[in-house]
Amino acid sequence: MIQFLYVVFPYVCLTAFVLGHLWRYRYDKFGWTTRSSQLYENRFLRIGSPLFHFGIIGVFFGHVIGLGIPKSWTEAVGVSEGIYHFLAFSVGALAGLATVVGMVILIYRRRTVGPVFSATTRMDKVMYLFLAVVIFLGLFNTVAVNVFEHYDYRDGVSVWFRGIFRFDLHPELMGEAPLGFQLHGLFAMALFALWPFTRLVHVFSAPLGYLTRPYIVYRSRDTTQLGSHQPRRGWDRVG
């Protein structure tokens, strides 16, 4: 069972992630959008959206450092384990809290504002469910490990995660991890599989064409026709 959960399942989800985006871009370019609902309601969105997006950016970079960079590398540049875990707890908890608060506001808005709720699809609901579980489990693990437990995920989960991309997985490391980390990893992989078929595809959208598009030339209006002047008739002689 451990082999399936932490070897087969991750590759199935990542394959769906890559092929799903290719399919979506090929057959649903016009659906590649956030499906913005700002026109329906702006008050909650103005608060919840920045909190969620800035928080999730902090969470993302925290995972890049925690999962992608080996412990030996941070120690080599002078970052001790004590400093690392203090930063991971303080900055990670702050980013996670901002993400959770922002997401709660956005979900409340989507559920209580009629037009926004009417524009919510089934895939939106599934996406919000998996995203909420992943975020809450991640925040729980951040607090639990640094306050109640003494599990060093950089010697377990991080090694397993990096092994996915080297085709050198160690499923036994995930099998020995606390249940919260195991569930967090499994739900995160499932979210990756769902990603291409939800509004999350907008993460990979960037207006790069804006940088190379030609200038738009605007012509000024004829000032002689403004104010109290009457427009010149086509048959009037000039001069």
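Residues numbered from 1 in each chain as written. Predicted model: local features only at pLDDT ≥ 70, side-chain atom pairs only at ≥ 80, totals over all residues. Heavy atoms only, no water.

## So, the overall build of the chain
Quick note on the threshold: In this text, helices come from DSSP runs of H or I with a minimum length of four residues, and strands from runs of E with a minimum of two, each type numbered from the N-terminal end. The cut-offs for exposure are 20% and 50% of the maximum accessible area for each residue type, with area from a 1.4 Å probe on protein chains only; residues under the lower value are buried, those over the upper are exposed, and the others partly exposed. Two residues qualify as a contact provided that any one of their heavy atoms is within 4.5 Å of a heavy atom in the partner residue. Computed by Shrake-Rupley with a 1.4 Å probe, the accessible areas treat only the displayed protein chains as cover when residues are assessed.
Counting secondary structure elements, the chain contains 9 helices and 0 strands. Mapped from its N terminus to its C terminus, the chain presents α and β elements in the order α-α-α-α-α-α-α-α-α. Residues classed as buried in the chain amount to 35% of the 239 residues present. Long-range pairs, those at least 24 residues apart, make up 81% of the contacts in the chain between residues at least 6 apart in sequence. With the model as given, the accessible surface of the chain reaches about 16,100 Å², and the carbon-plus-sulfur share is 69%.

## Observations concerning the packing of aromatic side chains
Worth spelling out the cut-off: The pairing test for Phe, Tyr and Trp rings, Trp by its six-membered ring, is centres within 6.5 Å, and the orientation test on the planes gives stacked under 30 degrees, edge-to-face over 60, and tilted for anything in between.
By the definition in use, this model includes 12 aromatic pairs. An angle of 10° between the planes, with centres 5.7 Å apart, marks the rings of Tyr-11 and Phe-167 as stacked. Here Tyr-11 is found in helix α1 (residues 2-27), whereas its partner Phe-167 is found in the loop between α7 (157-166) and α8 (171-175), with 156 residues between them in sequence. The exposure class of Tyr-11 is partly exposed, given its relative accessible area of 23%. Accessibility expressed as a relative area gives 70% for Phe-167, which makes it exposed.

## Regarding the side chain of Arg-24
To keep it simple, the criterion reads: Throughout this description, a polar contact denotes any pair of N or O atoms lying within 3.5 Å of each other; where both atoms belong to protein, one of them has to be capable of donating a hydrogen while the other can accept it, and for residues adjacent in sequence the pair is counted only when both atoms sit in side chains.
You can see Arg-24 is positioned in helix α1. Under the relative-accessibility criterion, Arg-24 is labelled buried at 8%. From its side chain, Arg-24 meets the backbone oxygen of Thr-198 in a polar contact 3.2 Å long. If we ignore the near neighbours within four places in the chain, the residues touching Arg-24 are Lys-29, Gly-31, Trp-32, Pro-196, Phe-197, Thr-198 and Val-201.

## Overview of a nonpolar patch on the surface
Heads up, the condition is: To count toward a patch, a residue needs a relative accessible area over 30% and no salt bridge; like charges are then connected within 9 Å, while nonpolar side chains (Val, Leu, Ile, Met, Phe, Trp, Tyr) are connected within 5 Å. Salt bridge, as used here, is a side-chain nitrogen of Lys or Arg placed within 4 Å of a carboxyl oxygen of Asp or Glu.
Among the surface-exposed residues, Phe-54, Ile-57, Phe-60, Phe-61, Val-64 and Ile-65 lie close enough to one another that they form a single nonpolar patch of about 620 Å² accessible area. Note that Phe-54 resides in helix α2 (residues 43-68).

## Things to note about the side chain of Arg-199
Examined against the element boundaries, Arg-199 turns out to sit in the segment after α9 (179-194). Among the residues examined, Arg-199 registers a relative accessible area of 10% and is labelled buried. Within the structure, Arg-199 has its side chain in polar contact with the side chain of Asp-124 (distance 2.9 Å). Apart from the residues lying within four places of it in its own chain, the contact partners of Arg-199 are Thr-33, Thr-34, Arg-35, Arg-110, Asp-124 and Met-127.

## Section: the environment of Asp-152
Mapped onto the elements of the fold, Asp-152 is located in the loop between α6 (122-147) and α7. Setting aside its immediate chain neighbours within four residues, Asp-152 contacts Lys-71, Glu-81 and His-85. Side-chain polar atoms of Asp-152 contact the side chain of Lys-71, separated by 2.7 Å.

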